[in-house]
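Fold and contact review
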Amino acid sequence: MSVSASVDLKLDWDIQEDPVKLVPFEERITKGELVEPDDWMPHNYRVGMLRMAEHHANSEIVGALPEGEWITRAPTLRRKLALIAKVQDEVGHGQMLYRVSQDLGKPRDQMLRDLITGKTKYHNVFNYPAPTWADVVMIQWLVDGAAIMNQATLADGSYGPYVRTMKRINMEEAFHFKSGEDMVLTMMSGTPKQKQMAQEAFDRWWAPCLMFFGPLDKESVKTSPFMRWRIKTATNDDLRQRFVDRFAPAALDLGLKIHITVKDQDGMVTEKREDTEIRRNEKTGYWHFSQPDWNEFHRVVKGNGPLNKKRVALRRFSYEQGQWVRRAIVGGSDLPPLC
Amino acid sequence: MSRLRDHLPLPAEGALISPPEGDATPFEVFIQLLRGKPHVHAGTVDAVDSEMALQFAREHYGQDQACVHIWVVPRSAMLGTDYEHDVIWRSTDRSYKLARGYQVHNRWRQFRSKEDVKEYEKEDLKEHY
């Protein structure tokens, strides 16, 4: 495999690609053929794909942190085993996605460093706290449910290595989601205290899950060819609607209430009122819902969410303190001799 | 031809006059039948270098069925597990890490109508472990 390692990694919409190459490339994508690392691809395809895969990899790694905190406090041995396996899966997904990104032209170590120095981002949803076991439950049911919805469309994309990785990842995500369903069913079949815990966690996660799919389509800054090139295959609004159509009625049937919330800077709910928009449109079959607070979304994306600094600081700690392990594996003349 | 052969000196006994030559290097061959699908192991060829191995692989494994791509790897570059001593898949119960380890359908039915559960399950991933 000969993959060029030195590419300029910025999007550039002024580039005029050679039509002799671009036209057959786009024809292949229209036919549903997959693009492989050694194939010719437009500069912005490479960069767009890299950005998405790298962001996804970062999100898997950081996404393991809020749940990892709960391994020692899982309520039963079986839940503990499942949570360990789930966290291990997520880190594994990160590894696979960094590998895919490397072949698009960015060294892995650079990606790990850029995440810590804030040059690149991870998914916004992981900047919120998981203060109770019920948050672990809601993460596995709602956040993983949202992730599966998104990733099922990404598995229908055009870049071969990413598509194959996504299929593999979804095979494992199915377990995370089923485990989440099993836990939310347990809590909502439980004592009044368990139900209250579940409701409070649901209140913390409903809005971040609506934001999960990204800003409103009408606010999308630039019309890019990413849909045409099948880097993305569904719009943010479409995915969000599908999420609400699946989870709003399920939550109501479980006995949960859907609230509009106000949160403090630690991500804890300070005010809530019932979302009176929540109802099924009998004509279209779609569910109505209130939009989340998009100002909050932009604030958190810019780094001012409840846990942005803590999450990145833990990554920094792990990266810096892990240096001796990497040196011991890779070797180096300045290392002390093995005894 | 046959008359010419009749007149050739064909020694039937004694030591070979050309020396033993040894074998070339084995290369494992992986072929891809459709773009985007995984490469699968097809067989082995002996060659003096990877270019030659690729040429042989095209002939041996790429001509019987529609084949779009081939990889060759020197066997010396590969490492495998040991059937006798390496346990890869543990046979203890690990259903906790499989989707099928969680039977939630009947549990949902305690909260929701049959139709609603069916609608909800439409979004379930069809393929899983």
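Coordinates for the structure precede this section.
Residues numbered from 1 in each chain as written. Chains lettered and ligands numbered in written order. Predicted model: local features only at pLDDT ≥ 70, side-chain atom pairs only at ≥ 80, totals over all residues. Heavy atoms only, no water.

1. Some words on the overall build of chain B
On a plain count of helices and strands, chain B comes out with 4 helices and 3 strands. Listing every helix and strand of chain B by position from the N terminus yields α-β-β-α-β-α-α. The C-alpha radius of gyration of chain B comes to 29 Å, more than 25% above the 14 Å expected for a compact globule of 129 residues. Counting only C-alpha atoms, chain B reaches 95 × 40 × 25 Å along its principal axes. By residue count, 22% of the 129 residues in chain B fall in the buried class. Taking all contacts inside chain B whose residues are at least 6 apart in sequence as the whole, residues at least 24 apart take part in 43%. A distance of 13 Å separates the average location of the 17 positive side-chain charges in chain B from that of its 21 negative side-chain charges. (Helix = DSSP H or I, 4+ residues; strand = E, 2+ residues; numbered from the N terminus. Rg over C-alpha atoms; globule rule 2.2 N^0.38 Å. Buried < 20%, exposed > 50% of the residue type's maximum accessible area, 1.4 Å probe, protein only. Contact = heavy atoms within 4.5 Å. Lys, Arg positive; Asp, Glu negative; His and termini not counted. Charge placed at Lys NZ, Arg CZ, Asp CG, Glu CD.)

2. As for the sheet that holds strand β2 (residues 40-47) of chain B
Strand pairing within a sheet occurs via backbone hydrogen bonds; the two strands may be parallel or antiparallel. Residues and elements named next belong to chain B. Taken in spatial order, the 3 strands line up as β2-β1-β3 in an open sheet, and their pairing is antiparallel. The sheet is open, and its two borders are formed by β2 and β3 (69-74), each paired with just one other strand. Ignoring which end each strand starts from, the neighbouring axes of this sheet average 30° apart. Relative to β2, strand β1 (residues 25-32) runs antiparallel, the two sharing 7 bridges. Bridge pairing in β2 places Glu 28 opposite Thr 44. Contacts from helix α2 (residues 50-61) reach β1, β2 and β3 within the one sheet, and its direction differs from that of β2 by about 125°. (Pairing = 2+ DSSP bridges. Axes fitted to C-alpha atoms, helices over the stretch in contact; angles between N-to-C directions.)

3. So, the packing of aromatic side chains
Evaluation of the coordinates by the stated rule reveals 19 aromatic pairs over all chains. When the centroid spacing of 6.3 Å and the interplanar angle of 65° are considered together, the rings of Trp 70 of chain A and Trp 133 of chain A count as edge-to-face. In this pair, Trp 70 of chain A is assigned in the loop between α2 (43-68) and α3 (77-102) and Trp 133 of chain A in helix α5 (residues 133-154), connecting sequence segments 63 residues apart. The class of Trp 133 of chain A is buried, set by a relative accessible area of 11%. Measuring from centroid to centroid gives 5.5 Å for Phe 202 of chain A and Trp 206 of chain A, while their planes differ by 25°, and the two rings are stacked. You can see Phe 202 of chain A and its partner Trp 206 of chain A sitting in helix α7 (residues 192-211), 4 residues apart, about one turn around the helix. An identical accessibility class is assigned to Phe 202 of chain A and Trp 206 of chain A; each is buried. Among the aromatic residues, those joined into a ring-pair cluster are Trp 141, Phe 177, Phe 202, Trp 206, Phe 212, Phe 213, Phe 243 and Phe 247 of chain A together with Trp 108 and Tyr 120 of chain B. Over the ring of Trp 70 of chain A we find Arg 73 of chain A; its NZ or CZ atom is 4.0 Å from the centre of that ring. (Phe/Tyr/Trp six-rings, centres within 6.5 Å; stacked < 30°, edge-to-face > 60°. Lys NZ or Arg CZ within 6 Å of the ring centre and 35° of its normal.)

4. Focus on the interface of chain A and chain B
Residue-level contacts link 39 residues of chain A with 25 residues of chain B. For the pair chain A and chain B, the summed buried area comes to about 3,000 Å², and 58% of that belongs to carbon and sulfur atoms. Per-residue buried area on chain A facing chain B is highest for Arg 78, Met 171 and Arg 246 of chain A; these three make up 22% of the total on that side. Between the two partners, chain A and chain B, sit 7 salt bridges. Where Arg 35 of chain B meets Glu 33 of chain A, a salt bridge forms, and the shortest distance between an N and an O atom there is 3.9 Å. Our count for the chain A to chain B interface comes out at 14 residue pairs in polar contact (both at pLDDT 80 or more). Those elements that place two or more of their residues in the side of chain A that touches chain B are α3, α5, α6 (160-188) and α8 (236-254) of chain A. Of the residues forming the side of chain A that touches chain B, the biggest block, 15 residues, is contributed by α6 of chain A. Here the residues of the side of chain A that touches chain B sort into 19 nonpolar, 5 polar and 15 charged. (Buried area = accessible area lost by both parts, 1.4 Å probe. Salt bridge = Lys/Arg side-chain N within 4 Å of Asp/Glu carboxyl O. Polar contact = N/O pair within 3.5 Å; in protein donor to acceptor, adjacent residues only side chain to side chain. Nonpolar A, V, L, I, M, F, W, Y, C, P; charged D, E, K, R; others polar.)

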